[in-house]
Number of protein chains: 2
Amino acid sequence: MAQQESHQRRPSIHDVASHAGVSAATVSKVLSGVTTVKPENAQRVLDAVELLGYRVDPLASDMRRAKRRIIGAIMPEFESEFFGQMVSELEGLAEQRGYTLVAASSRESEAREKEILARMHDWRVAGVVLAPVRNEHGPAAGFMKANGMTGVLIDRVLADDAFDTVSADSAAASAEVARALVGEGHRHILVVGLGQQAATVRARLEGFRNTALELAPDMRIDVVLCESDVEPLRTLLRDYFSKREAGNDRPTAVYSLFLKGTLVALSEFRRRGWHCPNDISLVGFDDAEWMQVTWPAIAAVVQPVREIASNAMEVLFRRIEGEGGPPTARLEPCKVLMRESVGSPGSVPHSGGGDRQ
Amino acid sequence: MAQQESHQRRPSIHDVASHAGVSAATVSKVLSGVTTVKPENAQRVLDAVELLGYRVDPLASDMRRAKRRIIGAIMPEFESEFFGQMVSELEGLAEQRGYTLVAASSRESEAREKEILARMHDWRVAGVVLAPVRNEHGPAAGFMKANGMTGVLIDRVLADDAFDTVSADSAAASAEVARALVGEGHRHILVVGLGQQAATVRARLEGFRNTALELAPDMRIDVVLCESDVEPLRTLLRDYFSKREAGNDRPTAVYSLFLKGTLVALSEFRRRGWHCPNDISLVGFDDAEWMQVTWPAIAAVVQPVREIASNAMEVLFRRIEGEGGPPTARLEPCKVLMRESVGSPGSVPHSGGGDRQ
DNA sequence: GTGAAAGCGCTAACAT
DNA sequence: ATGTTAGCGCTTTCAC
């Protein structure tokens with residue numbers, strides 16, 4: 001393949017045209033696979049393309065077309081495994097269909113989320129995959145509606161009256177966690193979480209509570225929730241355990257509805273010198289690679305990232321291609337991995353080390 | 001702010017022009033801050049903009065300008081905290097200067113890396129931040145050179161003859177780790193890592209080895225390296241420890257040059273029932289949030305993500321603005337966090353639990 | 001089959 | 001101070 005000289009103007013479609021002795025329109029036709037071009041000419045175009053190292057400018061191309069082949073993705077953050085994998089998956093899927101994914105992170109701010117969305121609208125993106133900071137009622141989704149943008153909502157959302165949604169089946173997964181914990185004999189459990197505004201977090205809480213109480217009506221469920229920020233949660237949790245310890249009625253297990261909650265809980269256990277599962281059991285929503293190499297390994301709910309991503313893209317492209325109909329709401333099943341951080345309450349009470357179970 | 005009707009064609013600059021009773025050129029001037037416009041007309045333009053909810057189409061705008069205000073970022077992956085934070089930082093910095101960041105992940109493949117770069121070239125990006133999969137000699141960097149693209153190389157690179165580079169000061173950090181480990185009394189240390197092709201990984205190894213041997217000439221340093229993939233490393237490590245255990249001369253500490261190596265090492269320790277720091281000490285290059293909540297907390301080298309990102313962007317924009325001169329090579333200092341996973345060898349030999357130190 | 005012409009939405013010269 | 005003209009690189013009628 002011929003390499004052009006450095007720092008030279010890139011060849012345009014006209015350069016190819018003159019090299020091939022045809023018009024720009026013909027070049028465009030050849031490159032877009034129109035079959036009505038004389039084979040001989042087509043070959044000459046291809047040769048010229050090869051010779052010059054010509055490549056279509058996708059932006060100029062989109063300029064003239066109706067819709068631009070760009071998909072926007074907005075995630076609350078890029079730092080966690082979950083959203084990192086999500087972006088990675090979405091990128092691959094967009095690419096497969098000849099689209100480019102432009103990703104941006106709202107950094108857990110609804111204001112920023114809306115700003116990004118406005119910028120994507122400026123870009124005339126064909127569609128948007130939005131993982132909203134809070135839920136489907138934020139200003140960002142409102143903006144999308146008001147401007148007739150096409151998009152899918154994922155993750156912190158269960159259903160919407162304007163957009164298709166795809167998320168993990170939080171309630172079912174939480175019910176499974178409840179069954180496991182009740183089965184181990186736990187009758188006093190703390191649920192911690194961030195972002196009670198998110199429909200999914202509420203679903204996680206309710207799914208857990210309903211099943212747990214159904215299986216064990218004498219169950220005591222404490223809840224420590226706070227909106228969005230980690231530091232307040234840390235304080236709340238500390239106070240909670242101090243009070244419970246004073247009253248000598250601390251829970252035997254913790255279920256965290258959010259990855260960050262799991263980290264905060266672990267950190268608090270450390271501070272108090274508690275080890276899982278002897279002193280307390282722990283299950284977290286959201287899995288991470290490290291959870292299986294620590295001692296004990298941390299039990300977790302694994303969200304089906306690939307499934308969420310591929311379903312989101314599928315439904316998005318259907319809309320982009322003009323398919324009508326009412327918004328759909330998909331729930332993808334999770335896997336619950338019961339690892340060493342969960343045991344029976346009081347089985348080896350208050351022992352020191354984080355021994356193997 | 002006036003909201004336009006859903007599904008309506010977005011207003012163009014001509015719509016604004018006719019509403020304001022001026023020409024499109026004048027609108028453009030007002031919006032780009034040219035001051036030679038009569039204040040009264042400027043106001044009418046602004047009013048029309050407000051009324052119609054007009055926003056400039058950045059692509060059409062870039063089309064006519066010389067350079068496009070797009071920065072490309074290529075990371076080996078999005079799943080790890082390090083690269084996630086990096087993208088997040090870069091995104092913010094690009095945005096600050098009115099540029100849009102388009103990020104893509106090479107998924108640890110040099111072929112994909114080059115393809116992405118070609119696509120970004122098609123997009124006529126103003127510049128690229130490339131975190132190469134292996135090192136500065138890969139096909140991607142070659143492509144950038146051959147096509148006269150402007151860019152910065154970060155992370156797995158120390159210096160280059162064509163591009164500016166910014167990375168963590170691996171050698172200095174490793175030297176510090178060596179001092180700490182030698183100081184604790186370790187005289188037999190295993191270094192594990194992936195990607196020995198990366199200049200940085202070699203720098204990490206050499207920085208460690210040189211300092212360690214200087215401080216303790218009787219030091220024994222074993223090395224288990226393998227290229228790029230995790231699974232072979234797992235096998236290698238297993239075999240290594242089996243052999244060492246049979247010979248009864250296993251190392252008292254492990255230094256991992258890569259996050260994934262740290263995970264593999266921990267996993268192997270688990271398998272063997274070893275606890276840090278009693279059975280073996282562990283330090284890893286690359287910090288992660290979970291490392292401070294596990295028991296024991298894992299000692300780690302913290303890379304200065306923000307500094308790398310901001311220096312990379314700074315130097316990139318200087319090149320974009322046409323600044324000449326030979327390529328620069330920046331090295332940003334790391335912080336070394338000595339946590340509980342490091343102790344003195346044999347201090348509490350072969351005890352069971354992962355007790356607090 | 002093919003090319004000329006007309007833009008997509010914008011901005012930079014150049015007139016006025 | 002403002003409008004006119006001429007594109008950026010491409011695609012798409014629509015004649016020929």
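Small disclaimer: the values here were computed from a predicted structure and weren't measured. (Residues numbered from 1 in each chain as written. Chains lettered and ligands numbered in written order. Predicted model: local features only at pLDDT ≥ 70, side-chain atom pairs only at ≥ 80, totals over all residues. Heavy atoms only, no water.)

Draft legend 1. Examining the domain arrangement of chain A more closely. All names here are of chain A. Parsing chain A into structural domains produces domain 1 (2-52), domain 2 (68-167 + 305-332) and domain 3 (170-304). Each of domain 2 and domain 3 has a C-alpha centre, and these two points are 29 Å apart. Contact residues are listed per partner, giving 16 residues for domain 2 and 14 residues for domain 3. For the pair domain 2 and domain 3, the two sides together bury roughly 1200 Å², of which 54% comes from carbon and sulfur. Taken as a group, Glu81, Arg134 and Leu158 account for 39% of the area that domain 2 buries against domain 3, more than any other trio of residues on that side. The interface formed by domain 2 and domain 3 holds five residue pairs in polar contact (both at pLDDT 80 or more) in total. Listing elements by their share of the side of domain 2 that touches domain 3, those giving two or more residues are α5 (81-96) and α12 (305-320). With four residues, α12 is the single largest residue contributor to the side of domain 2 that touches domain 3. Its residues assigned to classes, the side of domain 2 that touches domain 3 comprises five nonpolar, two polar and nine charged. (Domains from an automatic or database assignment. Contact = heavy atoms within 4.5 Å. Buried area = accessible area lost by both parts, 1.4 Å probe. Polar contact = N/O pair within 3.5 Å; in protein donor to acceptor, adjacent residues only side chain to side chain. Helix = DSSP H or I, 4+ residues; strand = E, 2+ residues; numbered from the N terminus. Nonpolar A, V, L, I, M, F, W, Y, C, P; charged D, E, K, R; others polar.)

Draft legend 2. Representation of the relation of the copies chain A and chain B within the structure. Rotating chain A by 180° and moving it 0.0 Å along the rotation axis overlays it on chain B with an RMSD of 0.1 Å. One copy is carried onto the other by what is essentially a two-fold rotation axis. Interface overlap between copies: 100% of the residues of chain A at the interface are likewise at the interface in chain B, consistent with a symmetric, same-surface contact. (Least-squares fit on C-alpha atoms with pLDDT ≥ 70 in both.)

Draft legend 3. Representation of the interface of chain A and chain B within the structure. Contact with chain A, which involves 66 residues of that partner, is made by 66 residues of chain B. For the chain A face of the interface with chain B, the top three residues by lost area are Trp123, Arg270 and Trp295 of chain A, together amounting to 13%. The residue Arg55 of chain A makes a salt bridge to Asp122 of chain B at a minimum N-O spacing of 2.4 Å. The tally of links between chain A and chain B comes to 21 residue pairs in polar contact (both at pLDDT 80 or more). For the side of chain A that touches chain B, the secondary-structure elements that each account for two or more residues are α4 (58-64), α5, β2 (100-105), α6 (110-122), α7 (139-146) and α11 (259-272) of chain A. Per-element tally for the side of chain A that touches chain B: the top contributor is α5 of chain A, with eight residues. (Salt bridge = Lys/Arg side-chain N within 4 Å of Asp/Glu carboxyl O.)

Draft legend 4. Structural context of the sheet that holds strand β10 (residues 299-302) of chain A. Residues and elements named next belong to chain A. If you trace the six strands from one edge of the open sheet to the other, you get β7-β6-β8-β9-β10-β12, paired in mixed fashion. The open sheet terminates on both sides in strands that have one partner only, identified here as β7 (220-226) and β12 (335-337). Pairwise comparison of adjacent strand axes, ignoring direction, gives a mean angle of 15° for this sheet. Relative to β12, β10 is paired through three bridges, and the arrangement is antiparallel. Residue pairing in the sheet places Val302 in a bridge with Lys335 of β12. Set on the sheet, helix α8 (residues 170-183) makes contact with β6 (188-194), β8 (253-256), β9 (281-285), β10 and β12; between it and β9 the angle comes to about 170°. (Pairing = 2+ DSSP bridges. Axes fitted to C-alpha atoms, helices over the stretch in contact; angles between N-to-C directions.)

Draft legend 5. The arrangement of the sheet that holds strand β5 (residues 164-168) of chain A in detail. Residues and elements named next belong to chain A. Read across the open sheet, the six strands follow the order β2-β1-β3-β4-β5-β11; overall the sheet is parallel. Looking at strand neighbours, the two that pair on one side only are β2 and β11 (329-332), the edges of this open sheet. Strand after strand, the sheet turns through a mean of 15° between neighbouring axes, direction not considered. One ladder, built from three bridges, connects strand β4 (residues 151-154) with β5; its direction is parallel. Paired with Leu153 across the strands is Thr165, a residue of β5. The strands touched by α12 are β1 (70-75), β2, β3 (127-130), β4, β5 and β11; relative to β5, the strand with the most contacts, the crossing angle is about 175°.

Draft legend 6. Inspection of the packing of helix α8 (residues 170-183) of chain B against helix α9 (residues 199-215) of chain B at higher detail. Residues and elements named next belong to chain B. Where α8 contacts α9, the axes come no closer than 7 Å and their chain directions differ by 35°. The element α8 and its partner α9 pack so that their crossing is right-handed. Every residue of α9 that contacts α8 at Ser170, Ala171, Ser174, Ala175, Val177, Ala178, Arg179, Leu181 and Val182 is listed here: Thr200, Ala203, Arg204, Gly207, Phe208, Thr211, Ala212 and Leu215. Of the residues in the contact of α8 with α9, the class split is ten nonpolar, five polar and two charged. (Left-handed = near helix turned anticlockwise from the far one by under 90°.)

Draft legend 7. Up close: α7 of chain A. All of the buried residues along α7 of chain A are Ala140, Ala141, Phe143, Met144 and Ala146 of chain A. In this fold, the buried residues of α7 of chain A make contact with α6, β3 and β4 of chain A. (Buried < 20%, exposed > 50% of the residue type's maximum accessible area, 1.4 Å probe, protein only.)

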